[in-house]
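So the chains spell out like this:
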Amino acid sequence: MKVLFVVWEVDPFFKLGGLGDIARSLPGALINSGVDIRVITPYYKVEKMGRNKKQKIATFSFLYARRKQKVEIWETLHPFTKVPCYFLKNKKYLDKATLTETWGFFDKAVIEILKRNLLNWEPEILHLNDRHCGLIPLLVKAEKLPVKTMMTIHNLAYQGKSPISILTDMGIDHSIVKITKWEIKSHQVNFLMEGIIHSDIVTVVSPTYSKEILTEEFGQGLNEILVGMEGRIFGILNGIDIDWRYNKLDHSVKFPYNLSEKIVDGRKYLNWKDGKKLNKHFLQKKLGLKIDENIPVLCFIGRFDARQKGLDIMHTMLRRNADNMKYQIVILGSGDKDWEERYMWFSTFYPKYISCNLKFDESLAHQIYAGSDFILVPSLYEPCGLIQMIAMLFGTVPIAHDTGGLSDSIKDNFNGFLFEKYSSEALEKTVNKALDLWRNDKERFNKIVENALISDFTWNKSAKEYISLYEKLLS
Ligand code: GLC
């Protein structure tokens, strides 16, 4: 089974968020299950190639926006998973990840490569990810290429709209594009919508989200189209790299620990109670918080996305609690500038209890997971969410909104806590319930930590589900 995984970011070469993680680990899981999978992505200037051996395998040109454009194809093996990765280099369009108007260029380049068999390898399936690959399915149809398409949506809110002139630049006949009346008026083409309509199969990253997106509340304006496709939409929960990413390769956590004390590959793991205590002390000291093992530490790690991540309800709760803090909270993430400022204010006025770190720092993230007792995931919606799974791997108990992949990965009162209504009151009530358990019922709380620690978020199950969809596509 030959699959080309098409994606805009791949960790550790270049990563903006969860998508980059998935582009690293899902192909890794699939190659281990015997799928001949390869990854194709742009070659941005900031791409971190490290000591990876890379080679240029082809140069080709095609007409784009009435000009001849040259593209180089570079190949390397992924440093962790050994999946072959192809990088497309073009100065004008593919140097920067932020040039949204150039997704069209990338899509067209991928199609040209397939048409000319420049990889010397002909995929049977194109596994496309998010809006950046949105026009590939219709190009496949227009060119009548003998390949099936699967579109995986990681977040329906990001749809990517471009001026309709991009179709002319790409040499696409406007009549095959399913632009709605509204879009004709706005003279825009919606990348994700085109991708959904023209793909053979659509998947999203959790079963619950696959149902939510059929409703007006979560459908981001595409719910009617998605309802019309029922039967061709599937939800598969993401996994995480349990074996190596957070264990073998992770040296940022000062006191590695596990369910019980053990030695793995010559490295000593403490039991979780001792490990948590030491890592918590380390974290409180590092961030200038009051050092006290009897204060529960909460954390939040994530993009500051004002419409998704629950920054508003978390902020309201903190405002209510700030003058009489019964817990500490460590925040890590960046994005929306207004929210960054409002959170920073807490840090300035309550430095012993609230620590805001407005940056992206993977190593600090791991230290926070390891040193916190709880993680807050108050997202309004969450297609899958990875942090709750990573946190659980560290025995850090999630307190999360009951939505999307959070509902699929957390069992309330078993390995975490869920709240139903999206409000600061519901969040606070659940935080209080969790803190009460932490303080007054250690036995039950410890059981929850242990259930979290042994939850299975390996890729095995998801990889099997992807493979059965691939088989369906080919049958
Ligand atoms: C997006 C989603 C997130 C998901 C990730 C990987 O970032 O917002 O929920 O976990 O993609 O699929």
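Values in this document were obtained by computation on a predicted structure and should not be read as measured data.

Asker: What is the right way to look at the pairing of strand E15 (residues 297–301) in this model?
Answerer: In the case of a regular strand, side chains alternate between the two sheet surfaces. Counting buried residues along E15, five of its five residues qualify, which places the element largely inside the surrounding structure. A two-sided burial pattern is seen for E15, the buried positions comprising Val297, Cys299 and Ile301 on one face and Leu298 and Phe300 on the other. As paired strands, E15 and strand E16 (residues 328–332) are joined by five bridges and run parallel to one another. Paired with Cys299 across the two strands is Val330, which belongs to E16. Taken together, E15, helix H12 (residues 311–321) and E16 constitute a β-α-β crossover, and its handedness is right-handed. Relative to strand E18 (residues 374–377), E15 runs parallel, the two being bridged by two bridges. Considered in E18, the bridge of Leu298 is made with Phe374.

Asker: Before we go on, may I ask you to explain the pairing of strand E5 (residues 84–89) in this structure?
Answerer: Burial analysis of E5 places five of its six residues in the buried class, which makes it a mostly covered element. Where strand E2 (residues 36–42) and E5 come together, four bridges link them in parallel fashion. By the bridge assignment for E5, Ile40 is matched with Tyr86. Examined bridge by bridge, strand E4 (residues 67–77) and E5 share six bridges and lie antiparallel to one another. Looking at the pairing, Ile73 lines up with Leu88 of E5.

Asker: What's the story with the pattern of salt bridges in this structure? I'm lost.
Answerer: Once the charged atoms of two side chains with opposite charge are near each other, the side chains can pair. Applying the stated criterion across every chain, the model contains 19 salt bridges. Its salt-bridge partner being Lys115, residue Glu143 comes within 3.4 Å of it at the nearest N-O pair. Of this pair, Glu143 sits in the loop between helix H4 (136–142) and strand E7 (148–153) while Lys115 is found in helix H3 (residues 103–115), placing the two residues 28 residues apart along the sequence. With relative accessibility at 40%, the residue Lys115 sits in the partly exposed group. For Glu465, the salt bridge goes to Lys461, with nearest N and O atoms at 3.5 Å. Residue Glu465 and its partner Lys461 are located together in helix H19 (residues 460–474), separated by four residues, close to a single helical turn. Classification of Lys461 by relative accessible area gives exposed; the value is 61%.

Asker: What should I look at first to understand helix H1 (residues 18–32) in this one?
Answerer: Because the α-helix completes a turn every 3.6 residues, residues three or four places apart line up on one side. Over its 15 residues, H1 extends 21 Å from the first C-alpha to the last, a length consistent with the 21 Å expected when each residue adds 1.5 Å. Judged by how many residues are buried, H1 sits mostly within the fold: 12 of 15 residues are covered. Among the residues of H1, Leu19, Gly20, Asp21, Ile22, Ala23, Arg24, Ser25, Leu26, Pro27, Gly28, Ala29 and Leu30 are the ones counted as buried. Remark: Gly34 follows H1 within two positions and exhibits a positive phi of approximately 95 degrees.

Asker: Teacher, can you tell me more about the site of the ligand here?
Answerer: Taken together, 13 residues are adjacent to the ligand, and His154, Asn238, Glu382, Cys384 and Gly385 come closest. His154 is positioned with one of its side-chain polar atoms (N or O) 2.7 Å from an oxygen atom of the ligand. In this structure, Glu382 approaches the ligand through a side-chain N or O atom, which is 2.6 Å from an oxygen atom. Taking 310 Å² as the accessible area of the ligand by itself, protein coverage stands at 93%. Looking at side-chain class alone, the shell around the ligand contains five nonpolar, six polar and two charged residues. Two domains each donate at least three residues to the shell around the ligand, and these are domain 1 (2–239 + 460–474) and domain 2 (257–453).

Cut-offs applied
- Residues numbered from 1 in each chain as written.
- Predicted model: local features only at pLDDT ≥ 70, side-chain atom pairs only at ≥ 80, totals over all residues.
- Heavy atoms only, no water.
- Buried < 20%, exposed > 50% of the residue type's maximum accessible area, 1.4 Å probe, protein only.
- Helix = DSSP H or I, 4+ residues; strand = E, 2+ residues; numbered from the N terminus.
- Pairing = 2+ DSSP bridges.
- Right-handed = clockwise from strand over helix to strand, strands pointing away.
- Salt bridge = Lys/Arg side-chain N within 4 Å of Asp/Glu carboxyl O.
- Expected span 1.5 Å × (residues − 1).
- Near = heavy atom within 4 Å.
- Polar contact = N/O pair within 3.5 Å; in protein donor to acceptor, adjacent residues only side chain to side chain.
- Areas by Shrake-Rupley, 256 points an atom, 1.4 Å probe, with all protein chains shown as cover.
- Nonpolar A, V, L, I, M, F, W, Y, C, P; charged D, E, K, R; others polar.
- Domains from an automatic or database assignment.

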